Amino acid sequence: MRGKMHMNTHTISGIHPSSPEALTVKSGMDASEREEVRYAGFRSRAKDAQSRGPGRGAHELHRHWVVAPVLVVALLSTSLGVHAQNIRASIVGDTVVEDDMEIVASPDGTRALPDSGAQLTSEGGQLRLEEGGAIIAGPGSVRISFGDIVASAFAGAFYAVKHGEIVTVVALDVPVILETNGRFFLIPVSMQWRGASSVPVAPTEELLQLPQRVPRDFLEEKLTAIPDALRSVEGILPSARSAPPSSIDIASSFRLPLAEKRMQEERTGALFGYLRWLVEEADVEGVSALFADPQYSESIAQSALRWRILPPLAADAADSAPIMTHLLPILLEDSTFLIVASLHPTLRSHTWTQISPSETPDAASQFRILAFPAADTLPEATPAFVVERWAEEVKGFLAATTDRPAFLTSLIRITAFALRTFDDQGYPERAQRYVQTLLSLTEPYADSLSSDDRETLDALRARDQVSIDRVSPPPPAAVEIVPSAEVSEEQIPQSHLSPEAVESETYSAMRDAGALFTVQTTIAAGAPGTATVKGILFATADGERSFDFLYNAETGDILELTMEGKTFPFDLTIGKFREWLAGGVK
């Protein structure tokens, strides 16, 4: 699944470093107080306490999360012109070669590689950056707080530095979401945010003004400095096991409550260990059978361990849409994870096809919608069907919100911000897609737009026309005309639908038919009125199956149907196709 951690767990006073009660050792404590402290961390090449020399006594065991000696950590400016203090670990491939490197871990699976002088504490099982800088990463959900702000990401890394009340956060390889007082803020990949840790973050104005590009050399420096241990699942996931735990324990009524609780915890751990084995084996049928059993599915959905264990499994199963249909709904119950998943390049396709439009507009759903274009910054663009799904949710939000003018203003300004980013990155096709989508979404509400918004849209409309002109084919070269047989008008295929409309109609028809779109799903207009559909999933009586076919968007017919390499000679209407699926595919 992933490379194993190159570090051993270091235990202090008999307490495992990933214990939820782990706290920071602070200076000034006497010996009895130190014994009460829970130390959370992983030490590179940790050495057994018995082998320590005469000069390594009790004081050495109670190491702070303040890496000595304390040095001044350079504060990142808005342009990051001054780089932060270099981390102490040097990396050669996957091997940690600096004995003095220290990694701090929290029970939720987040890990931190602190700069020299950094101060980290633990509060409620979550890491907290008090001072200095650190690379924050993990194989699943990643969260750390500083001041009043909580930073969240998924299956990736970011860099944070705090000096007094000023914090700078750099999204290294995944988007980062900041949350404070019920409000949210996006940091796209390869960009940075800098602000006060005690000031509420405005999700619109600061999204337009504060995120800035990060120098390439700084990104490369930090990305190179991330050891495998930060992304390892060891110490987070239970050991894989190839069989589920027993379903019934008839002797449970004869055990004491504590013994019963311990047995239940062991059984839950074994259940997650079996789920891990199924995911690592890509056993779709096994995962489906596990979640089809109420006693197992309820245990997974109700266990407090799900927030720690399921995210790394979801990251590993991201290429398997059938498995994700079981894992993701549980995780999306958490509003912050829903936001992160909606904007994450690995999870966004799965998330937008599984969630339903919000019937009651709230700050979280509004932010998720507004931030979507600005998060589409990686070389691999968001699939077209996901953008279409996003546009549908924008329409639903516009119909439900009580403050439509303000929402439209935010949508226009943030999309304009995203377009400037696309221009800087050299993504003209992506920019044109969002321009056309934005113009379509705002057209019904032209009368309620402010003069500034109308001016912005006029500029985008002119820009879109210029883009179309630029990609128009040159006039054909002069060629010799050779007489040929007459072709009647009836012989020329005609369609009143544009290729874009064909793709949109096909997507809507497949969605209404209950299709599951994955990162492998493609819908592309081909012959007039027809789209080629590949890698689309439908639930059948025998489980999810993958199909390829042609879809006539005008007649609603499915042609040249192929299922997992098997071709079916008959054509079907979309209605008959759904009946065929329900009856069992043979």
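Above this text you will find the structure in question.
Basis of the calculations
- Residues numbered from 1 in each chain as written.
- Predicted model: local features only at pLDDT ≥ 70, side-chain atom pairs only at ≥ 80, totals over all residues.
- Heavy atoms only, no water.
- Helix = DSSP H or I, 4+ residues; strand = E, 2+ residues; numbered from the N terminus.
- Buried < 20%, exposed > 50% of the residue type's maximum accessible area, 1.4 Å probe, protein only.
- Contact = heavy atoms within 4.5 Å.
- Areas by Shrake-Rupley, 256 points an atom, 1.4 Å probe, with all protein chains shown as cover.
- Arc of directions from axis to C-beta.
- Salt bridge = Lys/Arg side-chain N within 4 Å of Asp/Glu carboxyl O.
- Phe/Tyr/Trp six-rings, centres within 6.5 Å; stacked < 30°, edge-to-face > 60°.
- Core = buried A, V, L, I, M, F, W, Y, C linked by side-chain atoms within 4.5 Å.
- 1 Å grid on protein atoms, 1.4 Å probe; cavity = no way out; pocket = protein on both sides within 12 Å on 5 of 7 lines; lining within 4 Å.
- Points joined across faces, edges and corners; volume = space filled by probe spheres on them.
- Nonpolar A, V, L, I, M, F, W, Y, C, P; charged D, E, K, R; others polar.
- Axes fitted to C-alpha atoms, helices over the stretch in contact; angles between N-to-C directions.
- Parallel < 35°, antiparallel > 145°, perpendicular 65-115°, else oblique.
- Left-handed = near helix turned anticlockwise from the far one by under 90°.

1. Quick look at the overall build of the protein chain
- On a plain count of helices and strands, the protein chain comes out with 18 helices and 22 strands.
- Here the protein chain holds 586 residues, and 49% of them are scored as buried.
- In the protein chain, the proportion of contacts linking residues at least 24 apart, taken out of those at least 6 apart, comes to 60%.
- Within the structure as shown, the protein chain displays about 27400 Å² of accessible surface, and the carbon and sulfur contribution to it stands at 51%.

2. Considerations on helix 4 (residues 216–224)
- Within helix 4, burial applies to F218, L219 and K222. All buried residues of helix 4 fall inside an arc of 100° around its axis, so they share one side. Of the exposed residues in helix 4, the ones pointing more than 90 degrees away from its buried face are R216 and T224.

3. Focus on the pattern of salt bridges
- One pass over the structure, following the stated rule, counts 11 salt bridges.
- The salt bridge involving E234 is made with R276; its shortest N-O contact spans 3.6 Å. Taken as a pair, E234 in the loop between helix 4 and helix 5 (257–280) and R276 in helix 5 lie far apart in primary sequence, 42 residues in all.
- We classify E234 as partly exposed; its relative accessible area is 25%.
- For R276, a relative accessible area of 9% translates into the label buried.
- For R368, the salt bridge identified is with E393, shortest N-O distance 2.7 Å.

4. Some thoughts on the packing of aromatic side chains
- Per the stated rule, a full pass over the model turns up 17 aromatic pairs.
- Both rings, one in Y159 and one in F218, keep their centres 5.9 Å apart while their planes meet at 70°; by these two values the pair is edge-to-face. Of the two residues, Y159 sits in strand 11 (residues 157–163) while F218 sits in helix 4, which places them 59 residues apart along the sequence. F218 carries the same exposure label as Y159, and that label is buried.

5. Here we look at the nonpolar core
- If you look at the biggest cluster of nonpolar residues, it comprises 125 residues, and the most contacted ones within it are F146, L275, W390, F538, F547 and F549.
- The leading source of residues in this core is helix 14 (residues 404–425), at nine residues.
- Not counting residues within four places of it along the chain, the set of residues in contact with F538 comprises M510, A513, G514, A515, G543, E544, R545, F547, F549, F577 and L581.
- Grouped together as the second largest cluster of nonpolar side chains are 16 residues, F218, A225, I226 and L230 included.

6. What about the layout of surface pockets?
- Counted as a void, the largest pocket has a volume near 930 Å³.
- Lining the largest pocket are 26 residues; nearest its centre among them are A384, E388, R433, E500 and E503.
- Residue assignment for the lining of the largest pocket shows that the elements contributing at least two residues are helix 13 (384–400), helix 15 (428–442), helix 17 (499–512) and strand 17 (522–525).
- If one sorts the elements of the lining of the largest pocket by residue count, helix 15 sits on top with eight residues.
- A breakdown of the residues in the lining of the largest pocket according to their chemical character gives 10 nonpolar, eight polar and eight charged.

7. Focus: the side chain of S299
- Looking at where S299 falls in the secondary structure, it is placed in helix 7 (residues 294–302).
- Accessibility expressed as a relative area gives 18% for S299, which makes it buried.
- Excluding residues that lie within four positions of it along the chain, S299 makes contacts with R267 and L271.

8. What to know about unusual backbone geometry
- In this model, A282 sits at a positive phi of 55°, which is unusual for a non-glycine residue.
- By secondary structure assignment, the location of A282 is in the loop between helix 5 and helix 6 (284–292).
- Phi angles above zero are rare outside glycine, and E560 is one such case at about 50°.
- Note that E560 resides in strand 20 (residues 557–563).

9. Quick look at the packing of helix 14 against helix 15
- Look at helix 14 against helix 15: their axes get within 9 Å of each other, and the N-to-C directions meet at 170°. The angle between helix 14 and helix 15 places the two elements in the roughly antiparallel class. Judged by the twist between their axes, the crossing of helix 14 over helix 15 is left-handed. Contacts from L408, L411, I412, T415, L419, F422 and D423 in helix 14 reach R430, A431, Y434, V435, L438 and T442 in helix 15.

10. Observations regarding the packing of helix 10 (residues 335–343) against helix 12 (residues 363–375)
- Two elements in contact, helix 10 and helix 12, have axes separated by 9 Å at closest approach and are oriented at 20°. Overall, the two elements helix 10 and helix 12 adopt an arrangement that is roughly parallel. For helix 10 against helix 12, the interelement crossing comes out right-handed. Only A364, F367, R368, A371, F372 and A375 of helix 12 make contact with helix 10, whose side of the interface consists of L338, I339, S342 and L343.
- Each residue belonging to the contact of helix 10 with helix 12 can be placed in one class, and the counts come to eight nonpolar, one polar and one charged.

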